[in-house]
Structures are given as C-alpha cells and as structure tokens.
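Coordinate analysis (summary)
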Amino acid sequence: MCSSSVIYGRKVDLIAMLDTTVIQEFQRIVGTNHALQEEALTTSYTTDWTGRFKGASPMVLRPANTSQVSELVKVALSAGLSIVPQGGNTGLVGGSIPLHEEIVISTLRMDHCDPVDALAQQVTVDSGVTLAQAQTHVSPFDLEIGVDLAARDSCTIGGMIATNAGGINVVRYGPMRDQLLGIEAVLSDGSVISHLEGLEKDNTGYNFPGLLAGSEGTLAIITKARLRLHPRPSERCSAMIAFKTVDDAVVATSQLRRALPALQAVEVIFSEAMSLVSNHIGASVPVGAGSQAWLIVEVAANTDPTDELAHAIDDLGPLAVDVAVGLDTATRNGLWQYREKITEAIATQGTPHKLDVTLGASRLSEFVTEVPALISRVDGQATTVMFGHLGDGNVHVNILGAGGDEPNEGVDDVVLNYVAQLGGSISAEHGIGTAKREFLHLNRSEAELAAFRAIKKGLDPRGVLNPNVLIPPEYS
Ligand SMILES: Cc1cc2nc3c(=O)[nH]c(=O)nc-3n(C[C@H](O)[C@H](O)[C@H](O)COP(=O)(O)OP(=O)(O)OC[C@H]3O[C@@H](n4cnc5c(N)ncnc54)[C@H](O)[C@@H]3O)c2cc1C
C-alpha cells in the first residue's frame, strides 16, 4: 500500500522513500500492526494538538520496549533516516511532528509502571506512561508526582521530561527536571544508557537526567524514568481572587508566596481569557466581574489550611477586589475549571499562535499591559488571550486570528523580541521545538549555541534524532 501526502504544498510519495528491506526490518522489530504506513492511521501522529503543525511520515513505529527502540534506531541509522520521538503529542511547539518526512517513534505502547517504592518514595515508569496513569499508580500510597498539568490524560512522562514540563505546581515542587532521580534512554547509535537506582546523592560524573530534561528528543529517546514522589497533602483549599490591575495581582502573588509555606499553585487568568472561558463553560465570572486579573491559589497541607489561606488573603487588604473560596472538592473543581478549560476554549476560536514566556516579577505587569497593543500594531485582526502560572512569572500569550494558518512571523517576532528586551525567557515550559528555533539567539549567546552544537554532535553525530528541532539550523 502506497500513501502520498502534501507537505508544504509538495506531493511526496512517502512510502517510496523507504527501501523494502528497511520496511521489513521495521515490521520484524515491532510487528506489522505497529509499523503504520497508511495516512489514515498516521494522521494523528503527524498533526499537533492545536492543528498548527501538520507534517507527514513514511512510517510511524510503535515499539513495546527499550530493546525494540534500540533496534529501530540502529536500522534508521544505517538507512540514513531521521527520527522524531513522540509521546502523547500534546507538545505546543511542533517538536513532536515530522515536518521533514522523518519516521516517528511513538512511545505510547511503553506504558508499564514498576511497583511504587514507598520506602524511598520513588517509582520507575516507562516513558510512554501518561501523567494521569502515573498519578493513579502512586495515589494509593498517599504520594504524588510533583508536576501536574491540564494535558495529564494524554501527555507522557517521556514527553514531559523531554520538554522539562512545568505546569501548576512548579511553585512548590519545581519542573520535571527536579523530579528525576534516574533515566534510561536509547542514544542515536542504538546503545542504551540506564541509571535507575534512584540514589539521592550520586556524584559520579555527568548527570544524564539533567541533560535530557529539556532536550526535546534531540539527544536520546527516553525509555524509562525514576521519579521522586512527594507525600500527598491530605487537606486542600483553593481560592479565586479578583484584582483591579495586573500590577495588584503581581504584588499579591509575591505576598502570598511569602505568607503561605503550603502554597501549591498560583495561577492567573487575565480579562480576555476570563471572558472566553466563562462563555465556553457557560458560567458567569465567579467574582469581581470587570476586573483585570484573577488568581487561583491553592494551598495543601496535612492540617486544614483554610484559616492560613483566609489570613493571607485578609492581609492583601484593598489589593483584593473580591474572593471566592473552594473548601470541598466540587467547589474547588468549579473554580479550577476556569483555569483548566482555557486552552480548550481558545482552541474553539481557531488555530492560535501560542507563545509561552517568563518575565521577572518586576517586568510582568508592564509586559501584560503592553503586549496586546504591540500585537495589534503588527496584525490589526489579532486578539490576545493571556493566562499562566503567575507564581513562576510564566505567561501564556495566545494570539488568535493572526494572519491565517501559517505562523505569523511578524507577531512572534515582536513578542519574543519584547520578552528578550525585558530580560525574560522566550520559552518558559513548552520548549523551543520548531516554532521558536530561529528565535533562540534572543536568549542564548553565540558561545552557548556553539556548546549546544558540540553536545548534539557528540551524542548524535549523524543527526538521527529530531535534527530539525531546538538547535537553530546554522548551529546544526
Ligand atoms: C491542554 C494542554 C495543557 C498544557 N499545559 C501545560 C503546562 O501547564 N505546562 C507545560 O509544561 N506544558 C503544558 N502543555 C504542553 C505539553 O502537554 C507538554 O509539553 C508535555 O510535556 C508534552 O508531553 P507529550 O508526551 O505529549 O510529548 P510530545 O508532544 O509527544 O513531544 C514533545 C517533545 O518531546 C519529545 N519527546 C516525546 N517523548 C520523548 C521521549 N520518550 N524521548 C525523547 N524525546 C521525547 C518530542 O520529540 C517533542 O520534541 C499543555 C498542552 C496542552 C494540550
């Protein structure tokens, strides 16, 4: 069966790109049912979650274990093929999509969790385990994974490591890199590195988990991870607080961080995002209609943290316009849906440009206030919808209606340059992928990019693994 596809306006006979013996080798390794060729079967692996990135692949391979990944990589290397590693395909910067006719290695069948090591408070899981699956696995031990995000039902532990995912609890537990005590991965020559003992102290040279966290599939295919677990607090309380200005919300965030050692999350919804999500879920704004910003704050502890949260909010004085508190699970979930449904609400409006940035606390208010005007100067049709993780200075800038389906370089250019000018990061937690590759120089010096190239060349001299992601072409 031969399949063809349009890639950036070009008709490509994809299957013809692969030698018959290579196809047979791939089929032998994973089984014919897991070596997908027909376009109808590969489409969900070649288009991203937002619909912004559409690629095509001659073959999507679904290995069941590390040794199959290793064998596949060896065949690809000797056939001169490039690989896009893929987990849940929820990434938002195009890093998991075969935009250059690469083959895809999907980890979704690698979904085994080892028994929880309750003594050490650790667990080893396959890279294709979804976050929700891992959460369910550790929950009977009153333990939790330190990173949580709204894509939990689909995103995988391997993808979360590869992107160094952040999410809603970074303010307490740090990003994915901080959860890693060991890793197993397949390198570009098919060799396997495995260091899963989970020792808290282990200064025996280079730290592979640290290196692979945020490497976006360019250095190795992660096959297993040893994760640090955290005792799950038994009591939780959430509040939504409305603020007249963005600046007030920023000042309040700083005060709450100082006052609440049990702070688990400080999320922010700005006005456009609040109207969009309220319409989407068919509910009114819970508190402070007409405000500029709302924080959703969660505290979690083993003794009821409600009083602690109430005092901290009282101490905000006139900064807080109005407050709604969620004590039981249903009310808490009711408040959280305003934050968790935003991405979905945006997706109903078209294909957004998503820019995920971090600003220092002192520049946040200026950024949020200025950026919609900057964007409309480039594209008069564009609407800017912002929300994010204010406790980490992380703002998600979503631009709707900007210049059709193709990335509007003008809008990206103006926002990312502005971020760099304010001393911020052009990627807070989504990574660089293909979307921000050409902007990486805004945050990384010549010397750093040269070091990136040296690391890439050292571990992947033939450019087998995600060669078109993260590192700008001139440094590849
Ligand atoms: C609704 C929604 C909410 C989100 N919220 C957040 C959020 O709060 N915080 C956040 O950080 N992100 C968020 N994201 C983005 C996304 O969920 C994360 O980037 C996630 O970590 C990607 O995991 P994945 O398994 O889907 O990876 P994929 O999308 O499949 O891949 C992402 C990158 O990792 C590489 N990769 C995947 N698996 C492996 C592997 N096993 N070995 C090596 N490389 C690999 C890919 O090549 C690609 O470069 C959100 C996305 C959605 C759709």
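Since we're looking at a predicted model, the values are computed, not measured.

1. Quick look at the overall build of the protein chain
When its secondary structure is counted, the protein chain shows 15 helices and 18 strands. Its C-alpha atoms give the protein chain a radius of gyration of 23 Å, near enough to 23 Å, the size a compact globule of 476 residues would have. The buried share among the 476 residues of the protein chain stands at 55%. In the protein chain, once contacts between residues fewer than 6 apart in sequence are set aside, the share between residues at least 24 apart is 73%.

2. Side note on the site of the ligand
In the vicinity of the ligand, 35 residues are found, and the nearest of them are Pro85, Gly87, Thr90, Gly91 and Thr156. Within the side chain of His389, an N or O atom sits 3.5 Å from an oxygen atom of the ligand. A total of 970 Å² of accessible area belongs to the ligand in isolation, and the protein chains cover 96% of it. For the shell around the ligand, the secondary structure elements donating two or more residues are β5 (83-86), α5 (157-162) and β11 (221-231).

3. Topic: the domain arrangement of the protein chain
Accessible area lost upon the coming together of the parts is a frequently used measure of interface size. What the domain assignment lists for the protein chain is domain 1 (4-106), domain 2 (122-231), domain 3 (235-343) and domain 4 (349-442). Inter-centroid distance (C-alpha atoms) of domain 3 to domain 4 is 23 Å. Contacts between domain 3 and domain 4 engage 18 residues on the former and 17 residues on the latter. Taken over both partners, the interface formed by domain 3 and domain 4 buries close to 1,400 Å², and the fraction arising from carbon and sulfur atoms is 69%. Viewed at the interface, domain 4 and domain 3 are joined by zero salt bridges. Counting across the interface, domain 3 meets domain 4 through six residue pairs in polar contact (both at pLDDT 80 or more). For the side of domain 3 that touches domain 4, the elements supplying multiple residues, two or more each, are α8 (246-259), β13 (263-270), α9 (271-281) and α12 (342-347). Considering each element in turn, the side of domain 3 that touches domain 4 owes the most residues, six residues, to α8. A class-by-class count of the residues in the side of domain 3 that touches domain 4 yields 11 nonpolar, two polar and five charged.

4. Regarding the nonpolar core
Counting 54 residues, the largest nonpolar core has Ile241, Phe243, Phe270, Leu295, Phe367, Val395 and Val397 as the members making the most contacts within it. Top contributing element to this core by residue count: helix α13 (residues 361-378), with six residues. Of the domains in this structure, domain 3 (235-343) and domain 4 (349-442) are the two that each give at least three residues to this core. Here Leu295 is in contact with Ala239, Met240, Ile241, Phe243, Ala249, Ala252, Thr253, Leu256, Val266, Glu267, Val268 and Leu390, once residues within four sequence places are set aside. Core analysis: the second largest hydrophobic core is formed by 32 residues, Leu143, Val147, Cys155 and Ala185 among them.

5. Side note on the pattern of salt bridges
Across all of its chains, the model carries 17 salt bridges by this definition. Salt-bridge contacts for Lys224 lead to Asp126; the nearest nitrogen and oxygen are separated by 2.9 Å. Remark: Asp126 occurs in strand β7 (residues 122-126) and Lys224 occurs in strand β11; sequence separation between them is 98 residues. One salt bridge connects Glu267 with Arg339, and the closest N-O pair in it is separated by 2.7 Å. Of this pair, Glu267 sits in strand β13 while Arg339 sits in helix α11 (residues 329-340), and the two are 72 residues apart along the sequence. With respect to burial, Glu267 and Arg339 carry one shared label: buried. One continuous salt-bridge network, built from bridges that share partners, spans Glu144, Arg236, Glu298 and Arg332.

6. Quick word on the confidence of the model for the protein chain
On average, residues of the protein chain score 93 in pLDDT, and 95% of them reach the 70 mark or higher. A low-confidence stretch, residues 1-11 stays under pLDDT 50, and its non-local contacts, those more than four residues away or across chains, total 27 contacts.

Cut-offs applied
- Residues numbered from 1 in each chain as written.
- Predicted model: local features only at pLDDT ≥ 70, side-chain atom pairs only at ≥ 80, totals over all residues.
- Heavy atoms only, no water.
- Helix = DSSP H or I, 4+ residues; strand = E, 2+ residues; numbered from the N terminus.
- Rg over C-alpha atoms; globule rule 2.2 N^0.38 Å.
- Buried < 20%, exposed > 50% of the residue type's maximum accessible area, 1.4 Å probe, protein only.
- Contact = heavy atoms within 4.5 Å.
- Near = heavy atom within 4 Å.
- Polar contact = N/O pair within 3.5 Å; in protein donor to acceptor, adjacent residues only side chain to side chain.
- Areas by Shrake-Rupley, 256 points an atom, 1.4 Å probe, with all protein chains shown as cover.
- Domains from an automatic or database assignment.
- Buried area = accessible area lost by both parts, 1.4 Å probe.
- Salt bridge = Lys/Arg side-chain N within 4 Å of Asp/Glu carboxyl O.
- Nonpolar A, V, L, I, M, F, W, Y, C, P; charged D, E, K, R; others polar.
- Core = buried A, V, L, I, M, F, W, Y, C linked by side-chain atoms within 4.5 Å.
- pLDDT = per-residue confidence, 0-100.

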